[in-house]
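Topology and contacts: notes
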Amino acid sequence: MSDDQTDRNTRPSPEALLEQAAQEGRGRLKVFLGAAPGVGKTYEMLNQARQRKLDGVDVVIGVVETHGRVETDLLTKSLEKIPKKRIPYKGRVLAEMDLDAILQRKPKLALVDELAHTNVEDSRHPKRYLDVEELLAAGIDVYTTLNVQHLESLNDVVAKITRVRVNETVPDSILDRANDVEVVDLTPEDLIQRLKDGKVYLPETAERAAQHYFVPGNLTALRELALRRTAQRVDDQMVNYMRSHAIQGPWEASERVLVCVNSRPGAVALVRYGRRLADRLHASWTAFYVETPGVRGLDEMQRDRVAEALRVAIRLGGQGVTVPAPSIVDGIIDYAHANNFTHIVVATPQRSRWAERLLGSATHEIIRRAGDVSVHVVPDQLTRAMKGQAPPMPPAATALETALDPKAHAGSLVMVAVALLIGLALQALKIGPSNIGLVFFTAVFMSAISYGLWPALLAAIVSTLAYNFFFFPPLYTFTITDPSNVVSVFFFGLVAIVAGILAARVRAQAVATRDRAAMMENLYLFSRKLAGVFSLDDLLWATSFQIAQMLKVRVVILLPEGESVAVRAGYPPEDELDDADVAAAKWSWEHASPAGRGADTLPGAKRLFLPMRTGRGTVGIIGLDSDQPGPLLSPDQRRLFDSLADQAALAIERINLVADIDRARLSAETERLRAALLTSISHDLRTPLSAILGSATSLKSQALDPEAKEELVVTIQQEAERLNRFIANLLDMTRLESGAIEPKLELVDLVDVVGSALRRVGGVLALHDIEIDLPTDLPPLRLDPVLFEQVLFNLLDNTAKYAPAGTKVRVRARVDGNRIHLDVRDEGDGVPPADLERIFDKFYRAQAGDRKRAGTGLGLPICRGFIEAMGGTIVAGNRDDRRGAVFTITLPVPLQQERPA
C-alpha cells in the first residue's frame, strides 16, 4: 500500500466531519420509537426526563398526551408544564403546544409527545415535527415519541399489513437526523393484555382495535419493522462514527438508486419503495421522470400524480429530477449510465400481452438495455398497497379519453373531405386509384402535423374507408371483388396509420422542443435585461414581471428594511399583503426557508414566500399567489422559478456590491481628504504661526539693532501673507464646492492682468528670473480679472516652490484660431507622468525629486475651478527637453469684440 493510500485510510471522512459540524449549536433529538400505540413510549420518555431533572437539567413539558392513563399522568406532576395555546377552530377552542412560549422559556430539554401530530389550521407549522425542528434549531434538546407506522417510507408497508392507511406521516429524514433512537418494545401478548385491561384505549375503542389492528400477526410484523428501522439507524451512526474517527472498516461500495416515476396511481408508493431500498443499501437515490413528447396528452390528475411523487421524494430525502427525452427507455437508460446509478426501480408494465407484442414494453426494454445496472420491478399490488383498490386505468385508455378534442377531430375530417373532393376530381380526369391514394396520405400527414396522434389515426381510418368506398369497384360499397384491391386497401390503411403515428410523434417532439426553446429564450432575454439594469427599482420590477408572465402567478418582492422586510415591487403593482402574509414573509426571511401557502410553515397564508439566495446569503423574498387551487408550482415550474430567482438574486447582489463599493470609495476618499486637511492645517498653519510668534517674541524681549528689527518685521509680514494665502485658498475651495463662485465677466486686456499678478508675486519670485512673452496684438478676453489674477498668482507661487532658485520662469501667450493659450513654464524637476492629472485633486502634492514640497495641495485645484468657471481649461505637462513643468491655460476669444474701457 502506498503512502498516499495509507494517508487516506487514516484520514477522517470529510462528509462525516461536515455532518458533525452541522450539529454545532443545534439541540439533540431523542426519539422513543414504538411498534404500536400502548407500548409505553410516553411513560418511558417521562421516566427518563425525571431522571434528567434530578441530574440538574432544566426540563419542561411542551406537550404530553396521557390518554387518561393514571400512571403516566403521575409522572408529569414533578415536571414543569408550558401551558398550551388555545386556538379557535370551527366554533370550538382547541389546545396546541405553545411553540413561542417554549422558545421564550428556552429550557435545556423539552418533552414533545406524538411527533406525527397534525396541528390546527393557521398554526405556524402544519405538523408537530416541524415545531420540533424549530426547537432543535434554537439549541433546545427534545425528547419525542413516534410509532413506526407514521414513518413516510413505511406507510404503504404498514397499510398492506394492517389494512389501515395512516394519514399522519413523518419524513424519514427526521429519524435519520435523530441523535438517539430508543425502541420501547412489548411482546404482542403483553400489548394485547394491556389493551384488554383498558391501559391503551377506552373499552369500546379497545374492542374495535382488538378485532382489526391489535392482532398478533399485525403486532409481530410492526414490531419487526420497528426493530429493523432502529437497527438501520444504529448502523448508520456506527458508520458515521468510524468514518469521522478514521477507523478502518470494510466500507460498502457506493450504490445509487434511480426510481422511475410514472403518472399511474401507484407513483408515490413506488417512490416509498425506492426510499426503503436505498436505506437497505445505504445508497443515495433519485426519483426520476422522463418528459416525452407524449406528456402533453396527460390530464391534470396525471400531472398532479407525477408532481406529488417528486415532492414526496424530496420530502423523504431524495432528489426529484425531470429530464426531456424522445422516449421513456432512452431517457432512463441514458440518465442511469451517465450518472453511474447501480439500481433502477420500475413498476410492472400495464399493457396486455397482445399490446406488449405489438407496441413493446418499456419495462422489458429497460431490463434488456440496463447492462450491469440492477433493475427492480415492483409488483402492481405493492404499489397499490391496499386490497380492494381498483387497478389503474391503462395509460392508453386515459390518453384516448383526454384526446377527444371535437375541434381537432372535426378538422381532420374536413381535411379528409377535401382530399376526397380532390380525388373525385382526379378520377374524372382518368387518373388511377394508386395516384389518388397519395392525396389521402397528404390529408393524414396534415392532420398529424396540425392536431396530433388521435386525430391523425381517425383521418387514416376514414381515408381508408373513403378510398375503398369511392375508388374501388364495385363503387359506393365497402365490398371488394378483386383480391389485388384487397391487398391495396389493406396496405394503404396500414401505411396511413403508421405514417400518422410517425408524423404525430415528430409533431409532439417539435412542440416540446419549441416550448423548451421558448423557455430558454425567455431566460436568456431575462438575463440580458438584468445585465443592462443598474437601478434596483428597475431590476425588481423586471423580475416580478418576468416571473408573473412565465409562471402565470401574482408576484411581490420584498427586501430587507431594518429588522424586517418590506414590499419593494410587485406585479400587478396594486397587490397588498395581509397580516398572515407579512408574518410568513418575515419568517421566510429570518429562516431562509419557504413559508406560506403550500409550505410546511404558516400554510394558512395567501401567498407562498420563497427566499432569493446567493453565496453571501439571502438577499430578498419573493411571494407568489394564484387563484388556482392546489400547489402553486409544479416541480418543473419550481425549477424554472429557481432559475429566475437565482438570476435576480445575483443581479440584486451585483447592484448592492456596486453600492457598497461606491460607499467604500467615498469613505476612503473622505478619510484621505480628512487626513490631508489635518496634515495641511498642522503644517501650513503652524509653520507661519511659529515664525510670527518667534519673531514677535524676539522683538519684544531683546534689544536689537534697526537692521535686525527690520528683518524680523519682514519675516512677520511674509509669514502673515503666507497664512493669509492659505486661509484664502480654503475659502476659495469652499466657495467652489458649494457652487457660490459666479464670475463677473468683462472684457480685459491679458497684459494688464499678467502684470498685476507679477506685481503681487514679486516677493515670492525674487530669487528667479522672470521672462514675459506676450504679443502686443492679443485680443481682449472675457473673464473675471480678480479670479484670473488669483489663478496666475497660484501658478507662479507653485513654480516658486518647485523650481530651484536662479532658474528662469517664463510666461508666454499665443493665439490659435479662436483660442488663446497662456503657458507658465519653469526649469524645475517637472511633474511625474502619473501625477499630471492628480495634481489638480484637492490636497494632493506631487513628488519633487525624492520628497514632497511644502504646500496645502489646494492651489492647483482652485486654478482649475476658477478657469472652468470662466469657460476655459487648464492642463499640466512637461517641457520637451524635460527641464521643467508647463501649465497651459486655454481661453476662448469672444466672437464680437468690444474695446475694453
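Along each chain, residues carry numbers from 1 onward, in the same order as the chain's sequence is written. With pLDDT at 70 or above as the cut-off, local features in this predicted model cover only qualifying residues; side-chain atom pairs require 80 or more to be listed or tallied, and sums for whole chains, interfaces and linings still use all residues. Note that water and hydrogens are dropped before the side-chain values are worked out from all heavy atoms of the structure.

Examining the overall build of the protein chain
What the protein chain contains, in helices and strands, is 30 helices and 27 strands. Buried residues are those whose accessible area, probed at 1.4 Å on protein chains only, stays under 20% of the maximum for their type, while exposed residues exceed 50% and partly exposed ones sit between those limits. Across the 901 residues of the protein chain, 44% fall into the buried class. For the protein chain, long-range pairs separated by at least 24 residues make up 69% of all intrachain contacts whose partners lie at least 6 apart in sequence. Strands here mean DSSP runs of E at least two residues long; helices mean DSSP runs of H or I at least four residues long; both are numbered from the N terminus. For this analysis, residues touch if any pair of their heavy atoms sits within 4.5 Å.

Quick look at the packing of helix α14 (residues 328–338) against helix α16 (residues 362–369)
Inter-axis angles, ranging from 0 to 180 degrees, are taken between N-to-C directions of lines fitted to C-alpha atoms, where helices are fitted over the stretch in contact. For the pair α14 and α16, the least separation of the axes is 10 Å and the interaxial angle reads 30°. When the axis of α14 is compared with that of α16, the two are roughly parallel. Every pair of crossing elements has a handedness; the one defined by α14 and α16 is right-handed. Residue-level inspection shows Val329, Asp330, Ile332, Ile333 and His337 of α14 in contact with α16, the latter providing Ala362, Glu365, Ile366 and Arg369. Should an angle fall under 35 degrees it is taken as roughly parallel, and over 145 as roughly antiparallel, whereas 65 to 115 is taken as roughly perpendicular and any remaining angle as oblique. In a left-handed crossing the near helix is turned counterclockwise from the far helix by less than a right angle, and in a right-handed crossing that turn is clockwise.

As for the nonpolar core
Judged by nonpolar contacts, the single largest core of 44 residues is most densely connected at Leu750, Phe788, Leu795, Leu822 and Ile889. When contributions to this core are tallied by element, the ones reaching two or more residues are α28 (750–760), β21 (781–783), α29 (785–802), β22 (808–816), β23 (819–825), α30 (859–869), β26 (873–878) and β27 (885–892). Considering every element that reaches this core, the biggest residue donor is α29, with eight residues. Excluding residues that lie within four positions of it along the chain, Leu822 makes contacts with Leu750, Leu774, Phe788, Leu792, Val811, Arg812, Ala813, Phe887, Thr888 and Ile889. Listed in part, the 35 residues of the second largest apolar core include Ile102, Ala110, Ile140 and Leu222. Remark: nonpolar core denotes a set of buried residues (Ala, Val, Leu, Ile, Met, Phe, Trp, Tyr, Cys) joined through side-chain atoms within 4.5 Å.

A look at a nonpolar patch on the surface
A grouping of Leu453, Ile461, Leu465, Phe478, Ile497 and Ile501 is seen on the molecular surface, where their side chains present a nonpolar patch of about 490 Å² in accessible area. Secondary-structure elements contributing two or more residues to the nonpolar patch are α21 (453–471) and α22 (483–531). At three residues, α21 tops the list of elements feeding residues into the nonpolar patch. By definition, no residue in a patch forms a salt bridge, and every one has over 30% relative accessible area; like charges are joined within 9 Å, nonpolar side chains (Val, Leu, Ile, Met, Phe, Trp, Tyr) within 5 Å. Reported accessibility uses the Shrake-Rupley method at a 1.4 Å probe radius. Residues are deemed covered only where the shown protein chains occlude them. A side-chain nitrogen of Lys or Arg and a carboxyl oxygen of Asp or Glu constitute a salt bridge if their distance falls within 4 Å.

A short note on the packing of aromatic side chains
Within a pair of aromatic rings, the relevant descriptors are the distance that separates the centres and the angle that separates the planes. Stacked, tilted and edge-to-face are the three classes assigned to paired rings of Phe, Tyr and Trp, where Trp is represented by its six-membered ring and a pair needs centres within 6.5 Å; plane angles under 30 degrees give stacked, over 60 edge-to-face, the rest tilted. This structure, assessed with the given rule, holds eight aromatic pairs. Geometrically, the ring pair formed by Phe32 and Tyr143 is edge-to-face, given 5.6 Å between the ring centres and 75° between the ring planes. Note that Phe32 is positioned in strand β1 (residues 29–34) and Tyr143 in strand β7 (residues 141–147), a separation of 111 residues in sequence. Classification of Phe32 as buried rests on a relative accessible area of 0%. A relative accessible area of 8% means that Tyr143 is categorised as buried.

Digging into the sheet that holds strand β13 (residues 374–378)
Strand pairing requires that DSSP identify at least two bridges connecting the strands. The sheet built from five strands is open, its strands ordered β11-β10-β9-β12-β13 with parallel pairing. Of all the strands in the sheet, just β11 (319–324) and β13 have a single pairing partner and so form its edges. The average angle at which neighbouring strand axes cross in this sheet is 25°, direction not considered. Pairing analysis gives three bridges linking strand β9 (residues 256–260) to strand β12 (residues 343–347), with the strands arranged parallel. Paired with Leu258 across the strands is Ile344, a residue of β12. Across the face of the sheet, helix α12 (residues 267–281) comes into contact with β9, β10 (284–291), β12 and β13 while running at roughly 170° to β9. Lying over the sheet, α14 contacts β9, β10, β11 and β12, oriented at roughly 150° with respect to β10.

Side note on the confidence of the model for the protein chain
Summary statistics for the protein chain give a mean pLDDT of 79 and a share of 82% for residues scoring 70 or more. Within the protein chain, the element-level pLDDT minimum falls on helix α18 (residues 395–402), averaging 39, and the maximum on strand β6 (residues 109–112), averaging 94. Counting contacts from residues 249–253, a segment whose pLDDT is below 50, to residues more than four positions away or on other chains yields six contacts. For every residue, the pLDDT score states the predictor's confidence, bounded by 0 at the bottom and 100 at the top. Scored below 50 in pLDDT, residues 385–402 makes 26 contacts in the model with residues more than four places away or belonging to other chains.

Some points on the pattern of salt bridges
Per the counting criterion, the structure on display carries 36 salt bridges. The closest approach of N and O atoms between Arg311 and Glu308, which form a salt bridge, is 3.5 Å. Of this pair, Arg311 and Glu308 both sit in helix α13 (residues 300–315), separated by three residues, roughly a single helical turn. The exposure class of Glu308 is partly exposed, given its relative accessible area of 30%. One salt-bridge network, held together by shared partners, links Arg554, Arg597, Lys606, Asp625 and Asp627.

Here's the deal with the pairing of strand β14 (residues 554–561)
Bridge count for β14 against strand β18 (residues 617–625) is five bridges, and the pairing is antiparallel. For Val556, the partnering residue across the bridge sits in β18 and is Gly623. Note that β14 and strand β15 (residues 564–571) share seven bridges and pair antiparallel. Bridge pairing links Pro560 to Val565 in β15. Here β14 folds back onto β15, and the loop between the two strands holds two residues, one of which, Gly562, carries a positive phi near 70°.

Comments concerning the sheet that holds β15
Spatially, the five strands line up as an open sheet ordered β15-β14-β18-β17-β16, and their pairing is antiparallel. Each end of this open sheet is capped by a strand with a single partner; those strands are β15 and β16 (595–596).

Digging into unusual backbone geometry
In this structure, the amide linkage connecting Tyr571 to the following residue, Pro572, adopts the cis form with an omega of 0°. Following the sequence through the fold, Pro572 ends up in the loop between β15 and α24 (579–591). Backbone geometry places Lys106, a non-glycine residue, at a positive phi of 50°. The residue Lys106 is located in the loop between α5 (99–105) and β6 in this model. The backbone of Asn340 shows a phi angle near 60°, a positive value even though the residue is not glycine. Relative to the assigned elements, Asn340 resides in the loop between α14 and β12.

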